[in-house]
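Chain and residue survey
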Amino acid sequence: MSAQSSSAPAPKDATAAGNYFVSNYPPYSVWKPEFTADVRKALERLPAPGTPLGIYVHVPFCRKRCHFCYFKVYTDKTSTEIKSYLDETVHEMEQYARMPFIGGRKANFVYFGGGTPSYLSSEQLFELSDGLKRLVSWDEAEEITFECEPGTLTEHKLRGIKKIGVTRLSLGIENFDDHILEVNGRAHRSKEVQRAYDFARGLGFEQVNIDLIAGMVDETEENWKRCVEKAIELEPDSITIYQMEIPFNTTIYKEMKAQGKLTAPVADWDTKREWVRYAFETLEARGYAVASAYTAVRDPKRTKFIYRDRLWQGADLVGLGVASFSHVGGTHFQNETDWESYLARLNAGELPTKRALTPTAEERLIREWILQLKLGRVQFTYFDRKFGGNARERFAEPLRRLEEQGLLKVSGEGVVLTRDGLLRVDGLLPNFYLPQHRDIRYV
Ligand code: SF4
């Protein structure tokens, strides 16, 4: 008997399994293998003048798989396998650099994500970055972000990370309590956080961000408040807070399924929202400004997040590595999602594209609209100029409904989300989707 049929319904607002966070539009489930021919066509054209180009490098290695993780990661690869993977990501970049759409352009931003980019040794990192820089220059990049797991950082490695040009270091702390880190399967402990943070500050990185998750397994209100306090004591340039979700391919979901449970063993959504509200209010009282549904920044004039802002404004992005997502000239695509197929396609001299979608003009408008709403405010003139038409009229009906619910305010200039709206932004975005996309699973 399936877990679905053997259990009582999950209580209202309980954290059930599934994806809550919206990272793109139209949903990935409508990207298809039969549309991959669009990718080559897009790459054979010339880019629209003035469109920024970003590079995303997926480093899919971790010391351990966290129980809530839904990313494509490997914990068992040898150094020889890692080397061949990194060589292939450079070969992948070589293929793009030969195409008219990319050749000769300079990167405006670079993002090393994962997985755990800081799992790489300094030598691996130098080899990878030298190989990529030879193909597409980073010398004018406004931002180079590098995600780190605190337990993988030594001062020596951080020097290497600085040397390749990283300007924005992002530390995946998630929680400061060792018990919570352990029961959620994190590899690092709190002692390593302080050490890594001190090294990073000592080396003078331009920006240091720390990530926290509200509502991990065993989190309590008291502990969450302590976490917020500790985060503030570190004085990072930005603090990013995600609300814990349990997608279907996580260890936690597998355990729920085996036990016939529909409710995840974490706080319900109301509680998680209240914890993030508390964090934002406390941060604001200490001089931080809330810059998006997930981020508070210490100095809004100085602290930027170019990768996020450019992507949400339709920048081109070449995503290298297994399962990576790209966006070139209006076509979205994702790479092969398993190790063997990714490497085999590159070895055969092909681009490793698995599925693609070229959205219509209306879908592109909706995509930018919903992604920018995550910043907490949008301006009508931006959309009217870029997409033509009248965004206020186009979205009048959902705006009216959401305004009545107290989730946003509409003015002559644009839309501002209330704090309630901001804290549940991912849940309200489907109100702006085309009807055929409203009920499909976001994978
Ligand atoms: S460190 Fe990040 S990518 Fe790696 S297993 Fe944990 S959540 Fe996943």
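Residues numbered from 1 in each chain as written. Predicted model: local features only at pLDDT ≥ 70, side-chain atom pairs only at ≥ 80, totals over all residues.

Moving on: the packing of helix H4 (residues 122-135) against helix H5 (residues 155-163). Relative to each other, H4 and H5 sit at 10°, their axes nearing to 9 Å. Classified by the angle their axes make, H4 and H5 are roughly parallel. Between H4 and H5, the contacting residues are Ser-122, Leu-125 and Phe-126 on the first element and His-156, Lys-157, Gly-160 and Ile-161 on the second. Of the residues belonging to the contact of H4 with H5, the class tally is three nonpolar, three polar and one charged. (Axes fitted to C-alpha atoms, helices over the stretch in contact; angles between N-to-C directions. Helix = DSSP H or I, 4+ residues; strand = E, 2+ residues; numbered from the N terminus. Parallel < 35°, antiparallel > 145°, perpendicular 65-115°, else oblique. Contact = placed C-beta atoms within 7 Å. Nonpolar A, V, L, I, M, F, W, Y, C, P; charged D, E, K, R; others polar.)

Moving on: the domain arrangement of the protein. Where interface size is given, it is often the accessible area lost as the parts come together that is meant. Entries for the protein in the domain assignment read domain 1 (3-310) and domain 2 (360-443). For domain 1 versus domain 2, the distance between C-alpha centres works out to 25 Å. In this assembly, 15 residues from domain 1 lie in contact with 21 residues from domain 2. Grouping the constituent residues of the side of domain 1 that touches domain 2 by class yields nine nonpolar, four polar and two charged. (Domains from an automatic or database assignment.)

Before going further, it helps to spend a moment on the site of the ligand. With respect to spatial proximity, the complete set of residues near the ligand consists of Cys-62, Arg-65, Cys-66, Cys-69, Phe-71, Val-73, Gly-114, Gly-115, Thr-116, Glu-149 and Gly-172. In the shell around the ligand, the residues fall into five nonpolar, four polar and two charged. (Near = placed C-beta within 6 Å.)

Another aspect to go through is the packing of helix H3 (residues 79-97) against H4. Packed helices, taken two at a time, are described by the angle between their axes plus the distance between the axes. The N-to-C vectors of H3 and H4 enclose an angle of 10°; their axes lie 9 Å apart at closest approach. On the basis of their axis angle, the class for H3 and H4 is roughly parallel. Mapping the contact onto sequence places Ile-82, Leu-86, Val-90, Met-93, Glu-94 and Ala-97 in H3 and Gln-124, Glu-127, Leu-128, Gly-131, Leu-132 and Leu-135 in H4. Taken together, the residues of the contact of H3 with H4 break down into eight nonpolar, two polar and two charged.

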